[in-house]
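Next come the chains, spelled out residue by residue.
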Amino acid sequence: LEDGPPSTEIVTLTSHVLSQQQRHPIATGDLTLLLTAIQTTCKFISTNVRRAGLLNLMGAAGSSNVQGEDQKKLDILSNDIMINSLRASGKCAVLVSEENDDPIIIDAGHRGRYCVVFDPLDGSSNIDAGVNIGTIFGVYKCAEGSEGTLEDVLRPGSEMQVAGYCMYGSSANLVISTGQGVDGYTLDNGIGEFILTHPNIRIPNRGKIYSFNEGNSLFFHEPVQKYLESIKYPANGKPYSARYIGSMVADVHRTLLYGGIFGYPSDKKSKDGKLRLLYEGFPMAYLVEQAGGLATTGYERILDIKPTAPHQRVPVFLGSKDDVEDVLKFHKESAAPK
Ligand code: P6P
């Protein structure tokens, strides 16, 4: 950070989204108010992630979630603040959380026109190690005349109005798209505002980094093995560098800024891979495409998939356009695994 007087030319998330939304003549301000609620949630989670060690929030909470994963105290806290804040906003009808088995249908007194799907604290297995973790969210508008049902969220990711994540690390970075490109904001704890620090993020057409959990190599299908061979032992040029944090928000954030490819493919032990379609695959695919990249299962565009269940999994390859196209070439030579 250069010294000298603080900038007085600051653009906050609220003012920036408001200016974007005002370009829509029919904008009622509801989406802006919903994003304000999401923003407040991210500030709350950021504060508690930062203080976790001191407040003894580290460690398991002794319960498990729908994924069967041990829940950490911060998981529960993050999920509770997300649900309460979205309900209190009065702008939501349906919520789907990674932490809840069933969708949450908002009571009539607090119901609005939007549906939010989210992972309140993704990468939480890394909490105690101080590795970056994050909140991932996507927003659909309810179908016309719908009171808010599961059907309102079992729609292709291409129908999302908003996608974003907030990464909790040395600072809180909120990256969001409302369909007009991708902008990144950094939380200024001094004034409690997300400041526009990365306007119009564009992912490089090709990168030099690949990000896969190669501990699964024994189970990788042939197209993935052949692709990885091609970048680790290239016929010409330098091999790619390996970077894998094991926290999707952190791995995708680096991929967006530096380029390259992130993959969590299907393999012989996990037919659809590990990542969840609704609140991991869709929001990250939406952001990467809005930044000029691609996101595919290896056989189809992730955003085209019509979900059949709220917690279904999806194979993921996302990142720089040319790198993802290289992956697709290896998949074209083989049929989709059964
Ligand atoms: P693995 C974290 O648990 C998560 O859901 C994503 O954030 C991350 O990309 C992935 O799982 C890591 O999975 O099997 O490599 O530990």
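What this report covers is the structure whose coordinates are included nearby. The structure presented is a predicted model; accordingly, all values stated were derived computationally and were not measured.

What follows is about the overall build of the chain. Helices and strands together make up the secondary structure of the chain, namely 7 helices and 15 strands. Overall, the C-alpha framework of the chain stretches about 60 × 55 × 45 Å when taken along its three principal axes. Sequence-distant contacts, at least 24 apart, represent 63% of the contacts inside the chain between residues at least 6 apart. The centroid of the 32 positive side-chain charges in the chain is displaced by 3 Å from the centroid of its 39 negative side-chain charges.

The strand order across the open sheet built from 8 strands is β4-β3-β5-β6-β7-β8-β9-β10, with neighbouring strands paired in mixed fashion. Every interior strand has two partners, whereas the edge strands, β4 (104-105) and β10 (193-198), have only one. Note: strand β6 (residues 133-141) against strand β7 (residues 162-168), 7 bridges, orientation antiparallel. By the bridge assignment, I136 is partnered in β7 with Y165. Along the sheet face, helix α6 (residues 277-290) touches β3 (92-97), β5 (111-122), β6, β7 and β8 (172-177) and points at about 85° away from the line of β6.

Here the structure, examined in full by the defined rule, presents 4 aromatic pairs. Taken together, a centroid distance of 6.4 Å and an interplanar angle of 45° make the contact between Y210 and F212 tilted. Exposure remark for F212: the relative accessible area of 4% places this residue in the buried category. Note on F212 and F317: the rings are 6.1 Å apart at their centroids and 50° apart in plane angle, and the pair reads as tilted. Residue F212 is found in the loop between β11 (209-211) and α4 (222-232), and its partner F317 is found in strand β15 (residues 316-319); the two are separated by 105 residues along the sequence.

This next bit is on the site of the ligand. Taken together, D122, G123, N213, Y244, G246, S247, M248, F262, Y264, K274, L275 and E280 are the residues near the ligand. M248 places a main-chain nitrogen or oxygen 2.8 Å from an oxygen atom of the ligand. In the model, an oxygen atom of the ligand is placed 2.6 Å from a nitrogen or oxygen of the Y264 side chain. Relative to its free-state accessible area of 400 Å², the ligand is covered by the protein chains to the extent of 82%. When the residues that make up the shell around the ligand are grouped by side-chain class, the tally is 5 nonpolar, 4 polar and 3 charged.

Time to look at the packing of helix α2 (residues 30-55) against helix α3 (residues 73-89). Packing of α2 against α3 leaves a shortest axis separation of 9 Å and a crossing angle of 160°. With respect to α3, the axis of α2 lies roughly antiparallel. At the point where α2 passes α3, the crossing takes the right-handed sense. Where α2 approaches α3, its residues L34, A37, I38, T41, F44, I45, N48, V49 and A52 are matched on the opposing element by L74, L77, S78, I81, M82, S85, L86 and S89.

Here we come to helix α5 (residues 248-258). Most of α5 is tucked away: 9 of the 11 residues are buried. Those residues of α5 lying buried are M248, V249, A250, D251, V252, H253, R254, T255 and L256.

About the thresholds
- Residues numbered from 1 in each chain as written.
- Predicted model: local features only at pLDDT ≥ 70, side-chain atom pairs only at ≥ 80, totals over all residues.
- Heavy atoms only, no water.
- Helix = DSSP H or I, 4+ residues; strand = E, 2+ residues; numbered from the N terminus.
- Contact = heavy atoms within 4.5 Å.
- Lys, Arg positive; Asp, Glu negative; His and termini not counted.
- Charge placed at Lys NZ, Arg CZ, Asp CG, Glu CD.
- Pairing = 2+ DSSP bridges.
- Axes fitted to C-alpha atoms, helices over the stretch in contact; angles between N-to-C directions.
- Phe/Tyr/Trp six-rings, centres within 6.5 Å; stacked < 30°, edge-to-face > 60°.
- Buried < 20%, exposed > 50% of the residue type's maximum accessible area, 1.4 Å probe, protein only.
- Near = heavy atom within 4 Å.
- Polar contact = N/O pair within 3.5 Å; in protein donor to acceptor, adjacent residues only side chain to side chain.
- Areas by Shrake-Rupley, 256 points an atom, 1.4 Å probe, with all protein chains shown as cover.
- Nonpolar A, V, L, I, M, F, W, Y, C, P; charged D, E, K, R; others polar.
- Parallel < 35°, antiparallel > 145°, perpendicular 65-115°, else oblique.
- Left-handed = near helix turned anticlockwise from the far one by under 90°.

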